[in-house]
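# Summary of structural features
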Amino acid sequence: MMQIREIVLYSWTGKRRRLPLRLNAVNIITGDSATGKTALTDIIDYCLGSGTCDVPRGKITETVAWYALLLQVNEFQVFVARQAPEEDAQSSQRVFVKQGASVGVPDYAELTPTTNADGLIGLLSRLLSFPDTGNAELQGLPSYSVTLRHAAFFLYQQQDEIISRQRLFHRQGEPFVSNSIRETLPFFLGAITAEDVRVARRINRLKKRIRDTTREVADLEAAADRGGTRARQLLAEAASAGLTTANASGEDSSNVDALAELRAILALRQNASGRSSETDSVQLGDADNARQGLLQERDLIRRRSKQAQSSLESIATLLNDRRSFEREAAEQRSRLAFVQLIPDAGLDECPLCGSHVGGQQEEIDELREHFSSLSRIPQALPSESPRLKALADTLKQEIEECQQAIRSNSAQLEAIERASERDRNLALQENVQAAVVGRIDFYLEGVGGDERLRLLKQELESLRVQLEAAENEVDSDLIRDRTLSILSRLNQLMTNWSSQLPIEHSSNPLRFDIKKLQIILDTPSGPLAMPQIGSGQSWVAYHVLVHMALHEWFAEHNRPVPGFVFFDQPSQVGFPADSEYRDNDAVSGDRNTIAETFRFIIDAASRAAKPYQIIIAEHADFDEQWFQDCVREKWRNGKALIPQDW
């Protein structure tokens, strides 16, 4: 049995907000709207491993750093704290768990993660003694592992759920949830027991062993080959794979002892396999190292060749520029050769035409100097030319050597690739041979294995007898009968209870339809489903009846369901939830009806053979003592779930 001792909130500054609850009792938190009552179900569910934190955005999410529960689980206490999601995140995987006979409420500084959400679910499921139902292969039993999260559908009736006339259970309208409720409810009721689960898993193991044994028997029967046909087929395969030269299918096949030849092939293969694999590994490693070395060498040669080619191109450019310069200088010199005809000095007349040229001696001297400098150029240049030509010849020779080295390198790489191709072909042939050898090995194991075949057949027959006995222990018809029997008793209990409530049709038998997940009333005019009933108070009452009947059964029969149920504002059909509470907010008829509903919840819970915990978040606040005895906190006049100083 798991119940809640305290709901605890931690602020970002380390302050604690503690909401204590009583075990095995009705706990009412009454207060105005927008005080945090509705958030309590989301906080509890988040602390019990929900995949998302659905706490409404506002002051709670702005101020709370950790959400926590102090749980009573049988004789132990378990403190569970889960960090609030970071901004824009849907949940947090940071979970703190502390267990012991009495653990109390830790300080904020102690909250360091010890597990994650999945670990928390697994821990609490184990503490509640959930058996592993996964892969049990039993009709009526879920194929998945049932955990605490599947029990959550029976723990909460949120504000918009408790007044629904279409859906009875928490999150029933979400995809796949209805199917999950139908599949797991027989388990939670006890129609499927832990022993049923163990037998179902044993059935699953027996079926697997029968399949494996049947396959092995068939293989051994096929391998017996008393006529020798299979042996000759295998010998032909071995010859085709190059394992033998013996002819098992030709004209002289009658002279070949196929069985002896197959044994010889297997023996030779087993002796050579270790050495061959080691040698192949060494050869492959050497080839790879050689290939890498040649590739590196080729890169170096190409860089040398490229550098030499670049230097040669630079020399060629220099020599071309020099020849161009010499041609230009010779052309200029020939153009100025006429200056040699002019006398050196003292002439004022042109030596060609006799005209007066006085005052031009400076220009003539400049022309003579320019002509003289052009005449000296050929004597200055030739000294460098032989060295450049020699360097160019050296570079050409180096380039030729590099090209030759690249050709040699490529030839070596091609040789390695050819060798690798041969190795790959050999490896492929080796794989083919290994497959043939495997078939030969299996065949030879079966030859003469009549005794093993006989033992396997005996084992197979024994397994089938065990399977039949196990299947007789539990079947889907038995589970269905158990489920209907339990529901019949719950229907009788709810029918008796309904007569104590001021609701419509309370005089008619009431039953829960597990397929439709609906309440059905058997009226004189025919069955009447809950959606066809028009009273809001009736819808609330039927929700309360179903969940209280289920939890009374869960508690009495020690089922692995947390021992609490949470009702969020069952009075909302009579009291307006969006106004400040006043006792006269409801007309007298509604007030009396709602009061009787609360009185029924408190009285029925106190009469339960094995008590459980009921938590009610409520807007109404009746002055009667029986109501006030159940009130744990009142959130009015500034008091709320979140303290004002947060």
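You'll find the structure just up there.
A brief structural summary. If you're wondering where the values come from, they're calculated on a predicted model, not measured in any experiment.

## Details of the overall build of the protein
Each helix and strand in the protein was counted, giving 15 helices and 13 strands. Taking all 646 residues of the protein together, the buried fraction comes to 45%. With an accessible surface of roughly 33,500 Å², the protein has 49% of that area assigned to carbon and sulfur atoms.

## Re the layout of surface pockets
Its volume calculated, the second largest pocket comes out at about 360 Å³. In terms of lining residues, the second largest pocket is bounded by 21 residues, among which Ala 34, Thr 35, Gly 36, Lys 37 and Ile 60 are the most central. Residue classes in the lining of the second largest pocket are distributed as 8 nonpolar, 9 polar and 4 charged.

## A word on unusual backbone geometry
Even without glycine at this site, Leu 517 takes up a positive phi of about 55°. Looking at where Leu 517 falls in the secondary structure, it is placed in the loop between strand S8 (510–513) and strand S9 (518–523). Residue classification places Leu 517 among the buried positions, given a relative accessible area of 0%.

## Section: the side chain of Asp 45
Here Asp 45 shows up in helix H1 (residues 39–47). Dropping the residues within four chain positions of it, Asp 45 is found in contact with Ser 50, Arg 149, Ala 152, Tyr 156 and His 170.

## Considering the sheet that holds S8
Strand order in the open sheet made by the 3 strands is S8-S9-S10, with antiparallel pairing throughout. What marks the edges here is a single partner per strand, and that holds for S8 and strand S10 (526–529). Neighbour-to-neighbour, the strand axes of the sheet open up by a mean angle of 35°, direction not taken into account. Inspection of the sheet shows S9 paired to S10 by 4 bridges, in the antiparallel sense. Across the sheet, Asp 522 pairs through a bridge with Pro 527, a residue of S10. Against the sheet, helix H12 (residues 476–498) contacts S8 and S9, and its axis sits at roughly 140° relative to S8.

## Points about the packing of helix H5 (residues 177–189) against helix H13 (residues 536–556)
Where H5 contacts H13, the two axes come as close as 10 Å, and the packing angle between them is 45°. The orientation of H5 with respect to H13, classified from their angle, is oblique. When H5 is examined against H13, the residues Leu 185, Phe 188 and Leu 189 are found in contact with a partner set consisting of Leu 550, Trp 553 and Phe 554. Across the contact of H5 with H13, the residue classes break down as 6 nonpolar, no polar and no charged.

## Section: helix H7 (residues 229–240)
For H7, which comprises 12 residues, the first-to-last C-alpha distance of 17 Å matches the rise-based estimate of 16 Å (1.5 Å per residue) to within 8%. Among the residues making up H7, those that are buried are Ala 231, Leu 234, Leu 235 and Ala 238. In an axial view of H7, the angular spread of the buried residues amounts to 100°, which keeps them on one side of the axis. Of the residues flanking the end of H7, it is Gly 242, one or two places downstream, whose phi is positive at about 85°.

## With respect to the sheet that holds strand S5 (residues 76–83)
In space, the 5 strands of this open sheet follow the order S2-S1-S4-S5-S6, with antiparallel pairing throughout. A strand with exactly one partner marks an edge of an open sheet, and here the two such strands are strand S2 (16–20) and strand S6 (95–100). Mean inter-strand twist for the sheet, computed between neighbouring axes without regard to direction, equals 15°. Where strand S1 (residues 2–11) lies against S2, 5 bridges are found, and the strand directions are antiparallel.

## Points about the pairing of strand S13 (residues 631–635)
Burial within S13 is extensive, with 4 of its 5 residues counted as buried. The pairing of strand S3 (residues 26–31) with S13 spans 4 bridges and is classified as parallel. Considered in S13, the bridge of Ile 28 is made with Val 631.

## Overview of empty space enclosed by the protein
What the rule picks out here adds up to 1 cavity of 30 Å³ or more. If you add up the space inside the largest cavity, you get close to 40 Å³. Lining the largest cavity are Leu 487, Leu 490, Asn 491, Met 494, Phe 512, Val 546, Ala 549 and Leu 550. When residues of the lining of the largest cavity are assigned to their parent elements, the largest contribution, 4 residues, is made by H12. Of the residues in the lining of the largest cavity, the class split is 7 nonpolar, 1 polar and no charged.

## Here's the deal with the nonpolar core
Within the largest apolar cluster, 122 residues are counted, with the highest numbers of intra-cluster contacts made by Leu 48, Tyr 67, Leu 71, Phe 512, Met 548 and Ile 614. Broken down by element, the residue count for this core peaks at 13 residues, all from H13. Once residues within four sequence positions are removed from consideration, Leu 48 is found in contact with Met 2, Leu 69, Leu 71, Leu 120, Ile 121, Leu 124, Leu 148, Arg 149, Tyr 156 and Phe 564. The next biggest cluster of nonpolar side chains, apart from the first, holds 16 residues, and it includes Ala 241, Ala 258, Leu 266 and Tyr 443.

## Some details on the state of the cysteines
Enumeration over the complete set of coordinates arrives at 0 disulfides. Cys 47 forms no disulfide, and the closest cysteine sulfur to it belongs to Cys 53, at a distance of 8.5 Å.

## Let's talk about the packing of H12 against H13
Packing of H12 against H13 brings their axes to within 10 Å, and their N-to-C directions diverge by 130°. The pairing of H12 with H13 is recorded here as oblique in orientation. Between H12 and H13 the crossing geometry is right-handed. Counting all contacts with H12, which are made through Ile 486, Arg 489, Leu 490, Leu 493, Met 494, Trp 497 and Ser 498, the residues of H13 involved are Leu 545, Val 546, Met 548, Ala 549, Leu 550, Glu 552 and Trp 553. Taken together, the residues of the contact of H12 with H13 break down into 11 nonpolar, 1 polar and 2 charged.

## Details of the pairing of strand S4 (residues 64–73)
Across a regular strand the side chains alternate sides, sitting on one face of the sheet and then on the other. Of all 10 residues in S4, 10 are buried; the element is thus mostly enclosed. Across 8 bridges, the pairing between S4 and S5 is antiparallel. Its bridge partner lying in S5, Ala 68 is registered against Ala 81. The antiparallel hairpin formed by S4 and S5 contains 2 residues in its connecting segment, where Asn 74 sits at a positive phi of about 55°.

## Regarding the packing of aromatic side chains
Under the counting rule described, the total for this entry stands at 16 aromatic pairs. Taking 5.4 Å as the distance between ring centres and 85° as the angle between the ring planes, the aromatic pair formed by Phe 598 and Phe 627 counts as edge-to-face. With Phe 598 in helix H14 (residues 588–607) and Phe 627 in helix H15 (residues 625–628), the pair connects residues that are 29 residues apart, well separated along the chain. When the centroid spacing of 5.3 Å and the interplanar angle of 80° are considered together, the rings of Phe 622 and Phe 627 count as edge-to-face. Cation over ring: Arg 559 sits above Phe 187, and NZ or CZ is 5.5 Å from the ring centre.

About the criteria used
- Residues numbered from 1 in each chain as written.
- Predicted model: local features only at pLDDT ≥ 70, side-chain atom pairs only at ≥ 80, totals over all residues.
- Heavy atoms only, no water.
- Helix = DSSP H or I, 4+ residues; strand = E, 2+ residues; numbered from the N terminus.
- Buried < 20%, exposed > 50% of the residue type's maximum accessible area, 1.4 Å probe, protein only.
- Areas by Shrake-Rupley, 256 points an atom, 1.4 Å probe, with all protein chains shown as cover.
- 1 Å grid on protein atoms, 1.4 Å probe; cavity = no way out; pocket = protein on both sides within 12 Å on 5 of 7 lines; lining within 4 Å.
- Points joined across faces, edges and corners; volume = space filled by probe spheres on them.
- Nonpolar A, V, L, I, M, F, W, Y, C, P; charged D, E, K, R; others polar.
- Contact = heavy atoms within 4.5 Å.
- Pairing = 2+ DSSP bridges.
- Axes fitted to C-alpha atoms, helices over the stretch in contact; angles between N-to-C directions.
- Parallel < 35°, antiparallel > 145°, perpendicular 65-115°, else oblique.
- Expected span 1.5 Å × (residues − 1).
- Arc of directions from axis to C-beta.
- Core = buried A, V, L, I, M, F, W, Y, C linked by side-chain atoms within 4.5 Å.
- Disulfide = S-S within 2.5 Å.
- Left-handed = near helix turned anticlockwise from the far one by under 90°.
- Phe/Tyr/Trp six-rings, centres within 6.5 Å; stacked < 30°, edge-to-face > 60°.
- Lys NZ or Arg CZ within 6 Å of the ring centre and 35° of its normal.

Nothing here speaks to function; it is geometry throughout.
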